[in-house]
Number of protein chains: 2
Amino acid sequence: MAHVKIQVQAMNDFCMDVYQRFGFTEEESRIITDVLLLADLYGIESHGAQRLVRYHKGIASGMIKVHAKPEIVYETPVSAVVDGHDGMGQLIGHYSMNLAIEKAKKSGIAIVSTRNSNHYGIAGYYAKMAADQGLIGFSTTNSEAIVVPTFGKKAMLGTNPIAISVPADPYPFFFDAATSVVTRGKFEMYRKAEKPIPDCWGLDAKGHPCTDAATVLTNIDKKAGGGIMPLGGSQELTGSHKGYGWAMVSEIFSSILSHGLTSNHTIIDGKGGTCHGFAAIDPAIFGQPEQIRADLSTFLQELRDSPKADGQDRIYTHGEKEIFAVADRRKNGIDVDVKTLEEMKNLADYTGADFEHYFGDLLK
Amino acid sequence: MAHVKIQVQAMNDFCMDVYQRFGFTEEESRIITDVLLLADLYGIESHGAQRLVRYHKGIASGMIKVHAKPEIVYETPVSAVVDGHDGMGQLIGHYSMNLAIEKAKKSGIAIVSTRNSNHYGIAGYYAKMAADQGLIGFSTTNSEAIVVPTFGKKAMLGTNPIAISVPADPYPFFFDAATSVVTRGKFEMYRKAEKPIPDCWGLDAKGHPCTDAATVLTNIDKKAGGGIMPLGGSQELTGSHKGYGWAMVSEIFSSILSHGLTSNHTIIDGKGGTCHGFAAIDPAIFGQPEQIRADLSTFLQELRDSPKADGQDRIYTHGEKEIFAVADRRKNGIDVDVKTLEEMKNLADYTGADFEHYFGDLLK
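For clarity, every value in this text was computed on a predicted model and none was experimentally measured.

A. Quick peek at the nonpolar core. Ranked by size, the top nonpolar core spans 108 residues in total, and within it A:Phe173, A:Phe187, B:Phe173 and B:Phe187 carry the most contacts. Once residues lying within four places of it in the same chain are set aside, the contact partners of A:Phe187 are A:Val182, A:Ile197, A:Trp201, A:Gly202, A:Ala213, A:Val216, A:Leu217 and A:Ile228.

B. Quick look at the interface of chain A and chain B. At the interface, 87 residues of chain A touch 87 residues of chain B. Taken over both partners, the interface formed by chain A and chain B buries close to 7,200 Å², and the fraction arising from carbon and sulfur atoms is 73%. The closest approach of N and O atoms between B:Glu236 and A:Lys321, which form a salt bridge, is 2.6 Å. For the interface between chain A and chain B, the tally reads 34 residue pairs in polar contact (both at pLDDT 80 or more). Among the secondary structure elements, those contributing two or more residues to the side of chain A that touches chain B are β2 (71–76), β3 (79–83), β4 (109–117), β6 (162–166), β7 (173–177), α8 (240–256) and α9 (289–305) of chain A. Per-element tally for the side of chain A that touches chain B: the top contributor is α8(A), with 12 residues.

C. Representation of the side chain of B:Asn12 in the model. Within the element layout of this structure, B:Asn12 appears in helix α1 (residues 8–22). Aside from chain neighbours lying at most four places away, what touches B:Asn12 is B:Arg30, B:Thr33 and B:Leu37.

D. Highlighting helix α10 (residues 320–332) of chain A. Residue and element names in this part refer to chain A. Helix length check: α10, at 13 residues, gives a terminal C-alpha distance of 18 Å against a target of 18 Å (1.5 Å per residue), a fit within 8%. Every buried residue belonging to α10 is among Glu320, Glu322, Ala325, Val326 and Arg329, and all of these are buried. Looking at the buried side of α10, the elements it contacts are α1 (8–22), α2 (26–41), β7, α9 and β12 (334–337). Remark: Gly333 follows α10 within two positions and exhibits a positive phi of approximately 90°.

E. Highlighting empty space enclosed by the protein. One pass over the structure, following the stated rule, counts 3 cavities of 30 Å³ or more. Put simply, the largest cavity is a space of about 440 Å³. For the largest cavity, the lining is made up of 25 residues, of which A:Phe138, A:Phe253, A:Ile281, B:Phe138 and B:Phe253 are closest to its centre. Classifying every residue of the lining of the largest cavity gives 23 nonpolar, 2 polar and no charged.

F. View of the packing of aromatic side chains. Counted according to the given criterion, the structure contains 37 aromatic pairs over all chains. Look at A:Phe355 and A:Phe359: their rings are 5.1 Å apart centre to centre, the planes differ by 45°, and that puts the pair in the tilted class. Taken together, the residues A:Phe355 and A:Phe359, both in helix α12 (residues 355–359) and 4 residues apart, mark about one turn of the helix. Per residue, the accessibility class of A:Phe355 equals that of A:Phe359, and both read buried. An aromatic cluster is present here, built from A:Phe173, A:Phe175, A:Trp246, B:Phe173, B:Phe175 and B:Trp246 joined pairwise through their rings. When the ring centre of A:Tyr316 is taken as reference, the NZ or CZ atom of A:Lys321 above it lies at 4.7 Å.

G. Just the relation of the copies chain A and chain B, in detail. Overlay of chain A on chain B (RMSD 0.0 Å): rotation 180°, translation along the axis 0.0 Å. Both chain copies can therefore be described as sitting about a two-fold axis. Residue A:Gly232, judged by its C-alpha, is the member of chain A lying nearest the rotation axis, at 2.7 Å. Residue by residue, 100% of the interface of chain A is reproduced at the interface of chain B, so both copies engage with the same surface.

H. Summary view of the pairing of strand β4 (residues 109–117) of chain B. Residues and elements named next belong to chain B. Burial analysis of β4 places 8 of its 9 residues in the buried class, which makes it a mostly covered element. Relative to β4, strand β3 (residues 79–83) runs parallel, the two sharing 5 bridges. Note that in β4 the partner of Val82 across the bridge is Thr114. Handedness of the β-α-β unit built from β3, helix α4 (residues 89–107) and β4 comes out right-handed. Looking at chain direction, β4 and strand β11 (residues 274–281) are connected through 7 bridges and run antiparallel. By the bridge assignment for β11, Ser117 is matched with Thr274.

I. Looking closely at the side chain of B:Asn264. All names here are of chain B. By the secondary structure assignment, Asn264 is in the loop between α8 (240–256) and β11. Given a relative accessible area of 15%, Asn264 falls into the buried group. Only 2.6 Å separates the side chain of Asn264 from the side chain of Thr262, close enough to count as a polar contact.

J. Representation of unusual backbone geometry in the model. Of the consecutive residues A:Asp169 and A:Pro170, the connecting peptide bond is found in the cis state with omega at 0°. Even without a glycine there, the phi angle at B:Asp269 is positive, about 55°. Tracing the backbone through its elements, the reader meets B:Asp269 in the loop between α8 and β11. Residue B:Asp269 is classed as exposed on the basis of its relative accessible area of 77%.

K. Fine view of the packing of α4(B) against helix α5 (residues 123–131) of chain B. All names here are of chain B. Contact geometry of α4 with α5 gives a least axis separation of 10 Å together with a crossing angle of 30°. Regarding the angle of α4 to α5, the classification is roughly parallel. Handedness of the crossing formed by α4 with α5: right-handed. On α5, the residues that touch Gly89, Gln90, Gly93, His94, Met97, Asn98 and Ile101 of α4 are Tyr125, Tyr126, Met129 and Ala130. Its residues assigned to classes, the contact of α4 with α5 shows 6 nonpolar, 5 polar and no charged.

L. Quick peek at the sheet that holds strand β7 (residues 173–177) of chain B. Residues and elements named next belong to chain B. If you walk across this open sheet you meet the 7 strands as β2-β3-β4-β11-β5-β6-β7, and the pairing is mixed. The open sheet has two edge strands, β2 (71–76) and β7, and neither has a second partner. Taken pair by pair, the neighbouring strands of this sheet meet at an average axis angle of 10°, ignoring direction. In the packing of α4 onto the sheet, contacts are made with β2, β3, β4, β5 (136–141) and β11, and the angle to β4 comes to roughly 160°.

Here is what the cut-offs are and how they apply
Residues numbered from 1 in each chain as written. Chains lettered and ligands numbered in written order. Predicted model: local features only at pLDDT ≥ 70, side-chain atom pairs only at ≥ 80, totals over all residues. Heavy atoms only, no water. Core = buried A, V, L, I, M, F, W, Y, C linked by side-chain atoms within 4.5 Å. Buried < 20%, exposed > 50% of the residue type's maximum accessible area, 1.4 Å probe, protein only. Contact = heavy atoms within 4.5 Å. Buried area = accessible area lost by both parts, 1.4 Å probe. Salt bridge = Lys/Arg side-chain N within 4 Å of Asp/Glu carboxyl O. Polar contact = N/O pair within 3.5 Å; in protein donor to acceptor, adjacent residues only side chain to side chain. Helix = DSSP H or I, 4+ residues; strand = E, 2+ residues; numbered from the N terminus. Expected span 1.5 Å × (residues − 1). 1 Å grid on protein atoms, 1.4 Å probe; cavity = no way out; pocket = protein on both sides within 12 Å on 5 of 7 lines; lining within 4 Å. Points joined across faces, edges and corners; volume = space filled by probe spheres on them. Nonpolar A, V, L, I, M, F, W, Y, C, P; charged D, E, K, R; others polar. Phe/Tyr/Trp six-rings, centres within 6.5 Å; stacked < 30°, edge-to-face > 60°. Lys NZ or Arg CZ within 6 Å of the ring centre and 35° of its normal. Least-squares fit on C-alpha atoms with pLDDT ≥ 70 in both. Pairing = 2+ DSSP bridges. Right-handed = clockwise from strand over helix to strand, strands pointing away. Axes fitted to C-alpha atoms, helices over the stretch in contact; angles between N-to-C directions. Parallel < 35°, antiparallel > 145°, perpendicular 65-115°, else oblique. Left-handed = near helix turned anticlockwise from the far one by under 90°.

Printed below as a string of structure tokens:
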């Protein structure tokens, strides 16, 4: 698949333009754009420009309601349940995480569980919001069911990522990972490349490991059975029940505590219902927050400095690759699939934005 | 390896006897025995009777101090840091989790981070303490470094289990899993059986996958390099960085927040320093706790009822196997390796307990 480079500023300006044309305020468009851009800057391609089409379709179909405002339906000094009323996931996520941060600044810890939202982009964005303010941040989301529980053959769980970020120097601990072995995006990349997937990624309709990405994706779309394996594969021998367990933890903090829909009931027949979970912890409640930050920084450095396996030249700590990716993207631009750029052209045409103003003749 | 069955009551009475002979009070011995017994009842053989020898050696060497009392060194209404002063891990764990539970009952949530402890048994015991009282429970611990970070060849992390339990019917969600692909105990079982281990479990001294359990274990003991892989194996393709990330989360809640020792610095040269993390959350802070319990119970049942993979006849939810194991052990006794029973005989001789009073001629 052909790729082109687009500049970060052009991508930013384009997003700001189209979201305001959809009816979002400038401030709302700023948040949505920030979440999308961070994914592209961090090199998480599947969640940046490539997701524009998903939001385009969601808004066009009415699954995402542009003018919905998130509402606190229950709260205590350390918690809240938020109803997103089917609004834009990024706005609901940003609102909910800010609520967790505000409460944590006063009470030391807070958990916010949020229902009736939509796809909110990378979970890590929200964890980072807390870490940027010196707090420990946590975020998770459920999604449509595409992951199969251990010994099952029907997708019952989402890829249910969990993100945790903790302040450290020279860069924070930033862990953002699907609880499945890989995300759907990886399957799509292998399908495009017509390469077989590893036999520990996907299951066919009968629940057998399957190395053909197209088969797994087609079955997922048709709800014909099979899907993606949890982290740890499909056998207890390789820890499948552990990935399945982490997916459950995501589900509990998102859909269960918020009285929302579990993954197996979300995004069916045009209804959304995605749920998220957020938490913030002020390290000061353990005394000496500077020492905590210094201790974590030391440990991260010890890991990076520890002996490398034969054939490897570095050990990464979580979030380090993202720091390098940002520097690269800001200098060299964002790598975008031509198909994604075509989707962006459609989005421009739909909203009335001037595609060529931002991207010139990249499509010609 | 030959096994024998011992009755739960005999095991209970034996433990109560030897721990009191070590100098623990009856109440302290009750707690230690309960933690050990729960592992055996749950079928987590590696953490029950088999661990008696570890505590025996720890007490004899002075790494575990019988008369140490845990101390709160910092606290807020939602948090505490506990110094275990090198006491028995189970007592420090029980004390710390009770503190989290008490605080959560008042404040809604609490996190306790604990340093200078010792091996505390199964992480799940402490999560269960909270769930038994209607709260969401969380517990984690670091351990000596036997797990290798992605792309490394030196063990820098413990098996760092994380346990989470949430009330539900007919039985709770109870997830207790090492963040490594398997625990050291699995390697020991394969070594005894002289069977090759799967190539996604262990690394040799150079950081290459190794299928010989004895090689990996010998290298671990000699600190010669290599060790156990994180959940997800040793490659990013299979999610190694995710297991490594979860091990880090364990480390942050145990050693970092408590200002304690990270796994790579614990249990070296006769010093201990194991750290734990605990949390409790009252579901009432999200409103309608009964509804939360009912919703989780429904979702767990939907998972159990969902279609099974070819060749599988059931899908388990986390904690279900443990419920069945308890019924089996109470009826049929606990399966104990003869080598473990010999260790228990040594323990009896060391403390002056009457081995044959509890176990008759099982060793003859």
